[in-house]
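Listed below are the residues making up each chain.
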Amino acid sequence: MTEASSKAGPFNHPCQFISYLPEKQLLVCCSGPYLLGFSLATGEKTFEFCYEDDLKQKNKEAAAYGQAFRQVAVSKDESRLAAVSEDKCLRLWEVDEAAKVHLLYEKTIPKRCADMKFHDSGDLIFGDKFGDVYRINEEWFKSMSSENQEEKKDLKLEPVMGHVSILTQLCLTKDPHKADQEIIVTSDRDEHIRISRYPSAYIIDGFCMGHEDFVSRISLYDSSTLISGGGDNHVFLWDLKSCQCLDAFDVRSAFANYLSFDKPMVISSIIPIPLKNLIAFACEGVAGLIFAAVSSEKRLTYHSALPLAGPVLHAILVEKPEERIIASLDSSVTFGLCFQEVGFTNEGSVQQLENPILDRIEKEGLIKTETVFCPLAQLHTMRKNHSKFLKSESTQHTKD
Amino acid sequence: MSLEQKTPGQIQREEEENRKKMKRLAKGGGVEGRLPMKRLFRQRAHANVLSDHELEYPRSPAEMDWTPFYPDFSENSGKKVEIVDIGCGYGGLTVALGPHFPDSLVLGMEIRMQVTDYLKEKIQAIRYRAEHEEPVTGGYKNISVLRMNCQKFLPNFFEKGQLTKMFFCFPDPHFKARKHKNRIVTGTLASEYAYFIQPHGRLYTITDVEELHLWMAETLDKHPLFRRLSRDEEAKDICVALMTNETEEGKKVARNGGKKFTACYERLPDPAK
């Protein structure tokens, strides 16, 4: 792993979250309090937005949490971009044909947002650190920004569902039992993954039970298979129909070469690559990706490990024109290197790629800084001080 | 780790705990039918449900071994817990339910450790008495108590549709509006309860706080998976009488001449997909 060392002089501020809009070929980066958009076709910067000024004036709380956009969500038609920042402000932009953004609304939500996704209908679904999941739409933004107090009262948010725990992620997908219906999968700090119907989320279809520590990331491998990872040693593959565990993969030993002796591990990104029958995992503070192969019987086996220049903050899959992974690195320890592209060879192995466009973005587009604005690793703070599980001998998990 | 260092307050509490424990041992609660003394198990009435108590729970219901809880129901009988008393406190209702439903396993659940210990010893004692002194239907073999946080860990213990009855007796009222999320019956938790209760199973609430009663009733009334029982139906249900008269809290309210409010519900089947 790269030793922490800060280079004298300004370096590129790392991007704590990245997202890609395939139709518009737009890479959206959350870089501290900046939201940046780059064309992946040319490397040109299409927009830059910063909320720092607001922050100094009116929000003391945000200063304590650091100044950062935590996450962005993109609507299916790529016309809307939502971003949430550490000061609990939810912003909605319109993305135009030229991949530029226009701020439509901004609104503070009551609790800190944990995860958000756009539903195909254009509604925005978000879960907060209080465990509740809400659904809002543009009408809500509109009326909340109006001065009419009466109207605001009518639109008091009612949760569509909730956990009594910190919510960590949510996924929306088709119901594996019936294709014209949908489900919402939510995970929390208390080791639970819940499958509920959507929009009637008061009907719970099941729980995926097996994690021994918080679940930080869930992701869909295909329409009936879920992958989950968190603060424990295994990542799990679940059958969404039966909520049964298909396989558990000891990702800690796969990461063993990268982790210092007893450092606890936290899965920070899960990247399913179904076309290659692979799943990539990133772990908080670790300079590399682990790849696991998925067999046709939905078993996970170790595929390969790919060292990268610095700790991976976030990694996403870009599918067109061919599959590749863009990993965002902690540039405070990589002498300014922010992105690394990973591709797949015909023989089925993974390799680092050179991409002049990403180089251009790094050289010209990113924010130059001397200090990192925001805490980059925070998932591990969810860990509990104890973990005791009652086990009966007959039902030990078999993981090999 | 700095977290393991104890504050003076913690040390003091622990010492107090140990002292009580020694006293309890000297009295021999639970042994040979001697009932534990409640005053040795007092604990403040509230517990923060959102904090991490040092709870033990299985990773999934399949991994739960119930034999220590119901030693006389062998594993092969295939019996599962069917009736749960959430926040059972000193266990008045749990104990009363035992002889009324001798064929069902009844479980009291409570988050406060001392209170759970009290009920454990009490169950030991009454089981012994039922065996050696005056027989009771079922001999209290079908009741037990578990320390746990029901707002968080029900999915670790129970499967879908496993329960026939769920009781919420005299829960913490959490008066402040910002604490309403901590209440035991909320719209979002009701969905979870509905998952565990089988269709046509029942959910019972009782409280002496009218404000809480109205809030719980409003929440459950608008939940699509529950149907409120009419007063007539309530009157016919023996459980309503039991929870009104047999809970420790219910007796206290009656002694002080307080009012009790009940709201009971039937779990409706899931609408078809």
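Each value, and the rule that gives it
- Throughout, a residue's number is its position along its own chain's written sequence, starting from 1.
- Both sets of labels track the order of writing: A upward for chains, 1 upward for ligands.
- Per-residue local features are limited, in this predicted model, to residues with pLDDT of at least 70; the limit for side-chain atom pairs, both in listing and counting, is 80 or more; totals at the level of whole chains, interfaces and linings are taken over all residues.
- Where side-chain values are given, they derive from all heavy atoms of the structure, hydrogens and water being excluded.
- UniProt positions are given in the numbering used here, feature names are shortened, and annotations may be inferred rather than shown by experiment.
- Helix numbering and strand numbering both begin at the N terminus, where a helix is a DSSP run of H or I of at least 4 residues and a strand a DSSP run of E of at least 2.
- Two residues qualify as a contact provided that any one of their heavy atoms is within 4.5 Å of a heavy atom in the partner residue.
- Relative accessibility thresholds used throughout: buried, under 20% of the residue-type maximum; exposed, over 50%; partly exposed, between the two (1.4 Å probe, protein chains only).
- For this analysis, a polar contact is any N or O atom pair within 3.5 Å, provided that within protein one partner can donate a hydrogen and the other can accept it, and provided that sequence-adjacent residues contribute only side-chain to side-chain pairs.
- Pairing between two strands is assigned when DSSP locates at least 2 bridges connecting them.
- Aromatic contacts are taken between Phe, Tyr and Trp rings whose centres are within 6.5 Å, Trp giving its six-membered ring; a plane angle under 30 degrees counts as stacked, one over 60 as edge-to-face, and the others as tilted.
- Any Lys NZ or Arg CZ found within 6 Å of a ring centre and within 35 degrees of that ring's normal is scored as a charge over the ring.
- Here, nonpolar core refers to any group of buried Ala, Val, Leu, Ile, Met, Phe, Trp, Tyr and Cys residues whose side-chain atoms link them within 4.5 Å.
- For this document, the term salt bridge refers to a Lys or Arg side-chain nitrogen within 4 Å of an Asp or Glu carboxyl oxygen.
- Here the buried area means the combined drop in accessible surface, using a 1.4 Å probe, for two parts upon being joined, counting both sides.
- Under the convention adopted here, Pro, Cys and the residues Ala, Val, Leu, Ile, Met, Phe, Trp and Tyr are nonpolar, Asp, Glu, Lys and Arg are charged, and Gly plus all remaining residues are polar.

Identification of chain B as tRNA (guanine-N(7)-)-methyltransferase from Schizosaccharomyces octosporus is taken from an unreviewed UniProt entry. Word for word, the UniProt comment on chain B under Subcellular location (unreviewed entry) is "Nucleus". Heading Catalytic activity (unreviewed entry) of the UniProt record for chain B holds this comment: "guanosine(46) in tRNA + S-adenosyl-L-methionine = N(7)-methylguanosine(46) in tRNA + S-adenosyl-L-homocysteine".

By the naming in an unreviewed UniProt entry, chain A goes by tRNA (Guanine-N7-)-methyltransferase subunit Trm82 and is assigned to Schizosaccharomyces octosporus. Quoted verbatim from the Subcellular location (unreviewed entry) field of the UniProt record, the comment on chain A reads "Nucleus". Per UniProt, chain A has the following entry under Sequence similarities (unreviewed entry): "Belongs to the WD repeat TRM82 family."

*Asks:* Tell me what's going on with the UniProt feature "binding site: S-adenosyl-L-methionine" (unreviewed entry) in chain B, and back it up with residues and numbers.
*Replies:* Residue and element names in this part refer to chain B. Under the feature "binding site: S-adenosyl-L-methionine" (unreviewed entry), the UniProt entry names Gly 87, Glu 110, Ile 111, Asn 149, Cys 150, Cys 169, Thr 247, Glu 248 and Glu 249. Examined against the element boundaries, Cys 169 turns out to sit in strand E5 (residues 163-169). Ignoring any residue separated from it by four or fewer positions in sequence, one finds Cys 169 in contact with Asp 85, Ile 86, Gly 87, Leu 93, Ile 206, Met 243 and Thr 247. Here Glu 249 is to be found in helix H9 (residues 248-255).

*Asks:* I'd like a rundown of helix H8 (residues 238-245) of chain B, residues and numbers included.
*Replies:* Residue and element names in this part refer to chain B. Listing the buried residues of H8 in full gives Cys 239, Val 240, Leu 242, Met 243 and Thr 244. Buried positions along H8 lie against helix H2 (92-100), E5, strand E6 (197-207), helix H7 (231-236), H9 and strand E8 (261-267). The N-capping residue of H8, defined by a side-chain oxygen 2.8 Å from the backbone nitrogen of Cys 239, is Asp 237.

*Asks:* Talk me through the pairing of strand E10 (residues 113-118) of chain A; I want residue IDs and the actual numbers.
*Replies:* Two faces belong to every sheet, and in a regular strand the side chains alternate between them. Residue and element names in this part refer to chain A. The buried count for E10 comes to five of six residues, which makes it a mostly enclosed element. Of the pairings in the sheet, the one linking E10 to strand E11 (residues 124-128) comprises five bridges and is antiparallel in character. Pairing of Phe 118 across the sheet is with Leu 124, part of E11. Following E10, the chain reverses through five residues before pairing antiparallel with E11; Gly 122 in that reversal takes a positive phi of roughly 100°.

*Asks:* Lay out the packing of aromatic side chains in plain terms, naming residues and giving numbers.
*Replies:* Counted by the stated rule, this structure contains 22 aromatic pairs over all chains. Ring plane angle 90° and centroid distance 6.2 Å describe the contact between A:Phe291 and A:Phe344, whose orientation is recorded as edge-to-face. Of this pair, A:Phe291 sits in strand E24 (residues 288-294) while A:Phe344 sits in strand E28 (residues 339-344), and the two are 53 residues apart along the sequence. Of the two residues, A:Phe291 and A:Phe344, neither departs from the other in class, the shared state being buried. Ring geometry for B:Phe168 and B:Tyr193: centres 4.8 Å apart, planes at 45°, overall tilted. With B:Phe168 in strand E5 and B:Tyr193 in helix H5 (residues 187-196), this pair connects stretches of sequence that are 25 residues apart. Note on B:Tyr193: relative accessible area 1%, which makes it buried. The rings of A:Phe207, B:Trp66, B:Phe69, B:Tyr70, B:Phe157, B:Phe158, B:Tyr195 and B:Phe196 are connected pair by pair, giving a single aromatic cluster. In this arrangement the basic side chain of A:Lys111 is found over the ring face of A:Phe130, its NZ or CZ atom lying 4.5 Å from the centre.

*Asks:* How would you sum up the nonpolar core? Please name residues and give values.
*Replies:* Here is a general trend for soluble globular proteins: nonpolar side chains tend to be buried in one another's company. All names here are of chain B. Within the largest apolar cluster, 47 residues are counted, with the highest numbers of intra-cluster contacts made by Trp 66, Met 109, Leu 154 and Phe 158. What Leu 154 contacts, discounting residues up to four positions off in sequence, is Ile 86, Met 109, Met 148, Asn 149, Met 166, Glu 192, Tyr 193 and Phe 196. Grouped together as the second largest cluster of nonpolar side chains are 27 residues, Phe 101, Phe 167, Phe 170 and Val 240 included.

*Asks:* Explain the UniProt feature "active site" (unreviewed entry) in chain B residue by residue, including any values.
*Replies:* All names here are of chain B. Summarizing the sequence annotation, UniProt attributes the feature "active site" (unreviewed entry) to Asp 172 in the numbering used throughout. Position of Asp 172 relative to the elements: it lies in the loop between E5 and H5. For Asp 172, a relative accessible area of 22% puts it in the partly exposed group. Among residues more than four places away in sequence, those in contact with Asp 172 are His 46 and Leu 212.

*Asks:* So, the pattern of salt bridges: which residues are in play, and what are the values?
*Replies:* What the rule picks out here adds up to 35 salt bridges over all chains. A:Arg299 serves as the salt-bridge partner of A:Asp247, at 3.9 Å between the closest nitrogen and oxygen. Taken together, the residues span a long stretch of sequence, with A:Asp247 in strand E21 (residues 244-250) and A:Arg299 in the loop between E24 and strand E25 (300-307) at a distance of 52 residues. Among the residues examined, A:Asp247 registers a relative accessible area of 12% and is labelled buried. The salt bridge partner of B:Asp232 is B:Lys236, with a shortest N-O separation of 3.7 Å. One end of the pair is B:Asp232 and the other is B:Lys236, both in helix H7 and four residues apart, which spans about a single turn. Of the residues examined, B:Asp232 reaches a relative accessible area of 52% and is grouped as exposed. Residues joined in a network through salt bridges with shared partners are A:Asp190, A:Glu191, A:Lys384 and B:Lys152.

*Asks:* Account for the interface of chain B and chain A, with residues named and values stated.
*Replies:* The interface is formed by 36 residues belonging to chain B together with 40 residues belonging to chain A. In total, about 3,500 Å² of surface goes out of reach between chain B and chain A, with carbon and sulfur atoms giving 56% of it. Applying the counting rule to chain B against chain A returns four salt bridges. In this structure, A:Arg194 and B:Glu192 form a salt bridge, with 2.6 Å as the shortest nitrogen-oxygen distance. Those elements that provide at least two residues to the side of chain B that touches chain A are strand E1 (57-58), helix H4 (150-157) and H5 of chain B. Counting residues per element, the side of chain B that touches chain A draws most heavily on H5(B), which supplies six residues. Here the side of chain B that touches chain A is composed, by residue class, of 17 nonpolar, seven polar and twelve charged.

*Asks:* For the pairing of E25(A), give the residues involved together with the corresponding values.
*Replies:* Of the pairings in the sheet, the one linking E24(A) to E25(A) comprises seven bridges and is antiparallel in character. Paired with A:Ala293 across the strands is A:Thr301, a residue of E25(A).

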